[in-house]
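The residues making up each chain are set out below.
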Amino acid sequence: MALTSVHRRDFFRYAALAGLAVGGTGLVAACASSDSSKSSGGSSADGSKFGTVAVQLSWIKNIEFAGEYFALEKGYYKDGGFGNVDLVAGGAAGTGVEAGLDTGKIWIGMSAPQLTAPAVLNGLPAKIVGATYQKNPFAIVSSAAKPINTPQDMIGRKIGVQDSNQLVFGALLDANGIDAKSITVVPAQFDPSPLANGEVDGWVSYVTNEPITLAAKGFPNHAMLFADFKLPLVAETFTVKQETIDNERDKLKAFLIAEIKGWTDAIGDPAESARLAAEVYGKDQNLAVAEQIEEAKAQVGLVVSDDTKANGLFTITQTLIDQNIAALKAAKLDIAAGDLFDMSIINEIYTEHPDLKI
Amino acid sequence: MDRGIGGGSTMNSTTVTSTLRRVGRFLAPLAIAMALLFALWYLFLVAFPQVGPRVGKSPVDVWNYLFTTPTSHVARANLLDNLQITMRDAAIGFTAGIGAAVIVAALFVLFASLEQTLLPIAVLLRSVPLVAMTPIIVLVFGRGVAGVTVMAGIVVFFPALVMIMAGLREAPRQAQELVEAYGGSRWSALYMVAIPSALPSLFAAARISVPGALIGALIGEWLGSGEGLGSSLIKAIPRYQYNELWASVAVVTIVSIVLYAVVGVCENLVLARFGPTAGNTP
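Residues numbered from 1 in each chain as written. Chains lettered and ligands numbered in written order. Predicted model: local features only at pLDDT ≥ 70, side-chain atom pairs only at ≥ 80, totals over all residues.

**Q** Is there a simple way to think about the overall build of chain B in this case?
**A** Broken down by element type, chain B carries eleven helices and zero strands. The order of α-helices and β-strands along chain B, N terminus first, is α-α-α-α-α-α-α-α-α-α-α. Summarising its shape, the C-alpha atoms of chain B cover approximately 70 × 50 × 30 Å along the three principal directions. Scored against the burial criterion, the 282 residues of chain B give a buried share of 41%. Residue pairs at least 24 apart in sequence account for 78% of intrachain contacts in chain B once pairs closer than 6 positions are excluded. (Helix = DSSP H or I, 4+ residues; strand = E, 2+ residues; numbered from the N terminus. Buried ≥ 20, exposed ≤ 12 C-beta atoms within 10 Å, placed from the backbone. Contact = placed C-beta atoms within 7 Å.)

In structure tokens form, the structure reads like this:
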């Protein structure tokens, strides 16, 4: 009798410890996991030239990755020599592209300068080799009745900020000389209903996304673009490890060519982009096609600029690079342009294939 | 006459020794478990080398981050500030959760019909993932201390409820009847029999609730209040501050084990008062 009781007590004790350990590793796992267990470096096990690669997206599978959907749908990756391309969805608290690259879970990722820079400064040999969005898509969305028109308007108010966007929000505050303590930051996920139900006054979002979905749900809103307030950061950048640039240059070029083709299609056909996002690749996200069409149209304005018309999609001019570096410096990320950007690959592609320019 | 069952005597050297032995028996496996945890940490990094040195930090890295680098004092201050918030959140959640569990358990034991109606609902609610309930909890209770307290309280409440109920039921009927036979009131029966006999369960509930309260507080901070360790350790990821992340996880884990040990030692000291085998017999 006494013996079994002792066992029971031990059971509680170890159960609690196990719970603790599981909870702890769960946290770490949550930070370090992604749903791709496939080879990231690419193998030719499937008979293709470059094998399968995993691509970390910066967000859930919505219209933001229309070019990737087209490249898959029309076989541009396969034509380029890839067996398959796994698109790994990201999210508000998902693993970053940089951690994915560092741990070998992914081969390339859609990131942003303000996310890649801290990783590079912490020793990760990685670079941005192109940018889908020429213009910073980040905006503070607010109710049209109580609009936030300038960063100063945020003082004393509640702003919903996703964990992965803390940096870019901090950069906005730094660039505009606003004390972070003067604003109440509320943890946010990808659903902007806290803004719609009045819990917060502002919401960090992509100008192409939440303003449109909120308006469609009958919430008139105003969007304040980060780009208009000293933060001209590019976004949806292609970030890879330095060793990819050094050792897999052809593979990287083949991938980017497929991306250029996919995005050229996406720009030309917002309706099909929306259909691919809402009905095929992002089916489980319950996206509304009509909203996605609006977003696809708005997105074209971020992807296509006078510069990309002259130089090709994904290219970043030296002027824009310098502006990015200056903006990062304002956010206390002091990094040299050459340590963060490498435009040689994308420029090479357009020299070899001038027909790829729109 | 001495209070309680088991008829504990005045503290003489024998009881002191047996109390110490009892506490030692509790602490020894805990120390081993702690050492094992560090071994597992190292093993994890060795078993998954692809995690790499920038994302996967070893105990030595964490030690250096917290104590030996020029910026360690900043890192420590930052971590301690956040830990304080998390401890406050967990403590309030723990108290609220255990308190509610004691009251509800007493009501359930007193009124069996209440238990039959409400316990299945409680069990059902328990199986809804906390993360999924967060938006609703936040909407109702806000993102301040109240919201986080509810989150931590929920984690604590259900296991504690079940254990305390079991404890209250274990009150020996004969002992209660004995009190009544000597003219004692219901209150003295509760005081002399039911509460002492439920003490082991109450302590066991409190002990396993320590990690639960911390986990609840961390989730509440991550998804709700946006302050404390639960928030800062997630925010460390986009900043690529994996030293901070690992240090936070290590500190929470160690604090949790230490608090668990403190509750366990209190438990053993109090139960020793009721005799060397109190809590060991059903």
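**Q** Before we go on, may I ask you to explain the overall build of chain A in this structure?
**A** A tally of regular secondary structure across chain A gives 16 helices and ten strands. Looking at the 358 residues of chain A, the share that counts as buried comes to 54%. For chain A, the proportion of contacts with a sequence separation of at least 24, taken over those separated by at least 6, is 79%.

**Q** How do you make sense of unusual backbone geometry when you look at a structure like this?
**A** Backbone geometry follows two general trends: most residues other than glycine have a negative phi, and most peptide bonds adopt the trans configuration. Residues and elements named next belong to chain A. The phi angle at F314 is positive, at roughly 75°, despite the residue not being glycine. Assignment of secondary structure puts F314 in the loop between helix 13 (306-311) and helix 14 (318-330). For F314, a count of 27 C-beta atoms within 10 Å corresponds to the buried category. Despite not being glycine, K332 shows a phi value in the positive range, around 65°. Here K332 is to be found in the loop between helix 14 and helix 15 (337-340).

**Q** How do you make sense of the sheet that holds strand 7 (residues 184-188) of chain A when you look at a structure like this?
**A** By definition, the strands of a sheet pair up through backbone hydrogen bonds, in either a parallel or an antiparallel sense. All names here are of chain A. Overall, mixed pairing links the five strands, which are arranged 7-6-8-5-9 in an open sheet. A strand with exactly one partner marks an edge of an open sheet, and here the two such strands are strand 7 and strand 9 (221-225). The sheet shows a mean angle of 35° between the axes of neighbouring strands, taken without regard to direction. For strand 6 (residues 158-162) and strand 8 (residues 202-206), the ladder comprises two bridges, and the chain directions are parallel. Bridge pairing links G160 to W203 in strand 8. (Pairing = 2+ DSSP bridges. Axes fitted to C-alpha atoms, helices over the stretch in contact; angles between N-to-C directions.)

**Q** Help me out: how do you make sense of the pairing of strand 1 (residues 51-56) of chain A in this one?
**A** Looking down a regular strand, the side chains alternate between one sheet face and the other. Residue and element names in this part refer to chain A. Counting buried positions along strand 1 gives six out of six residues, so the element sits mostly inside the fold. For strand 1 and strand 2 (residues 82-88), the ladder comprises six bridges, and the chain directions are parallel. Following the sheet pairing, V53 is matched in strand 2 by V85. With two bridges connecting them, strand 1 and strand 3 (residues 108-111) associate as parallel partners. Across the sheet, residue Q56 finds its bridge partner in strand 3, namely G109.

**Q** Help me understand the packing of helix 6 (residues 130-141) of chain B against helix 7 (residues 145-169) of chain B, please; the structure alone is not making it clear to me.
**A** To characterise two packed helices, one gives the angle between the axes of the helices and the distance between these axes. Residue and element names in this part refer to chain B. Relative orientation of the contacting elements helix 6 and helix 7 amounts to 140°, with a least axis distance of 9 Å. The two elements helix 6 and helix 7 meet at a crossing, and its hand is right-handed. On helix 7, the residues touching L130, I137, V138 and F141 of helix 6 are A146, G147, V150, M151, I154 and V155. Of the residues that constitute the contact of helix 6 with helix 7, the class distribution is nine nonpolar, one polar and no charged. (Left-handed = near helix turned anticlockwise from the far one by under 90°. Nonpolar A, V, L, I, M, F, W, Y, C, P; charged D, E, K, R; others polar.)

**Q** When you look at the sheet that holds strand 3 of chain A in this model, what are you seeing that I'm missing?
**A** Residue and element names in this part refer to chain A. Pairing in this open sheet of five strands is mixed, and the strands run 2-1-3-10-4 from one edge to the other. Each of the sheet's edge strands pairs with one partner strand only, and the pair in question is strand 2 and strand 4 (126-133). Neighbouring strand axes in the sheet, compared pairwise and without regard to direction, differ in orientation by 25° on average.

**Q** What is the right way to read the environment of E272 of chain A from this model?
**A** Residue and element names in this part refer to chain A. Relative to the helices and strands, E272 is located in helix 11 (residues 270-281). Overall, the presence of 17 C-beta atoms within 10 Å leaves E272 in the partly exposed class. As for E272 and G312, which are separated by 40 residues in sequence, their C-alpha atoms are 22 Å apart.

**Q** What is the right way to look at the pairing of strand 8 of chain A in this model?
**A** All names here are of chain A. Across the five residues of strand 8, five count as buried, placing the element largely inside the fold. Both faces of strand 8 are covered, namely the face carrying G202, V204 and Y206 and the face carrying W203 and S205. Looking at chain direction, strand 5 (residues 138-143) and strand 8 are connected through five bridges and run antiparallel. For I140, the partnering residue across the bridge sits in strand 8 and is V204.

**Q** Mind showing me how you'd approach the domain arrangement of chain A here?
**A** In many reports, interface size means the accessible area that the parts give up when they come together. Residues and elements named next belong to chain A. Examined at the domain level, chain A breaks down into domain 1 (51-134 + 235-356) and domain 2 (138-228). Taking only C-alpha atoms into account, the centre of domain 1 sits 24 Å from that of domain 2. Residue-level contacts link 21 residues of domain 1 with 19 residues of domain 2. Broken down by secondary-structure element, the contributors of at least two residues to the side of domain 1 that touches domain 2 are helix 5 (113-121), helix 12 (289-303) and helix 14. Ranked by the residues each element gives to the side of domain 1 that touches domain 2, the list is headed by helix 12, at six residues. When grouped by side-chain class, the residues that make up the side of domain 1 that touches domain 2 number ten nonpolar, six polar and five charged. (Domains from an automatic or database assignment.)

**Q** Please explain the confidence of the model for chain A as it appears in this structure.
**A** Residues shown with low pLDDT carry predicted positions that ought not to be read at fine detail. All names here are of chain A. Per-residue confidence for chain A gives a mean pLDDT of 86; residues scoring 70 or more make up 87%. Within the model, the stretch residues 1-6 combines pLDDT values under 50 with six contacts to residues more than four positions away or in other chains. Taken as a whole, residues 8-43 scores under 50 in pLDDT and shows 61 contacts with residues more than four places along the chain or in a different chain. (pLDDT = per-residue confidence, 0-100.)

**Q** How do you make sense of the environment of L118 of chain B when you look at a structure like this?
**A** Mapped onto the elements of the fold, L118 of chain B is located in helix 5 (residues 112-126). As a C-alpha pair, L118 of chain B and I92 of chain B span 26 residues in sequence and 25 Å in three-dimensional space.

**Q** Is there a simple way to think about the nonpolar core in this case?
**A** Most often, soluble globular proteins keep nonpolar side chains buried together rather than apart. By size, the foremost hydrophobic cluster in this structure holds 172 residues, and its most contacted members are L256 of chain A together with I164 and A205 of chain B. Among the elements that line this core, the one with the most residues is helix 9 (residues 186-225) of chain B, at 18 residues. Residue-level mapping places this core at the junction of two domains, with at least three residues from each of domain 1 (51-134 + 235-356) and domain 2 (138-228) of chain A. Leaving out residues up to four positions away in the same chain, A205 of chain B has contacts with I98, A101, P159, A160, M163 and I164 of chain B. (Core = buried A, V, L, I, M, F, W, Y, C linked by C-beta atoms within 7 Å.)

**Q** Where do I start with helix 12 of chain A in this structure?
**A** One full turn of an α-helix is made of 3.6 residues, so residues set three or four places apart face in the same direction. Residue and element names in this part refer to chain A. Here helix 12 is 15 residues long and its end C-alpha atoms lie 20 Å apart, about the 21 Å a rise of 1.5 Å per residue gives. Every buried residue belonging to helix 12 is among E291, Q292, I293, E294, E295, A296, Q299, L302 and V303, and all of these are buried. Tucked inside the fold, the buried residues of helix 12 contact helix 2 (66-73), strand 4, helix 8 (210-216), helix 10 (249-268) and helix 11. (Expected span 1.5 Å × (residues − 1).)

**Q** Hey, could you run me through the confidence of the model for chain B in this one?
**A** Residues and elements named next belong to chain B. With 93% of its residues at a pLDDT of 70 or more, chain B has an overall mean of 86. Every residue in residues 1-9 scores below 50 in pLDDT, and together they form 17 contacts with partners more than four places removed in sequence or on other chains. Of the two predicted TM-score estimates for the complex, the pTM is 0.79 and the ipTM is 0.74.

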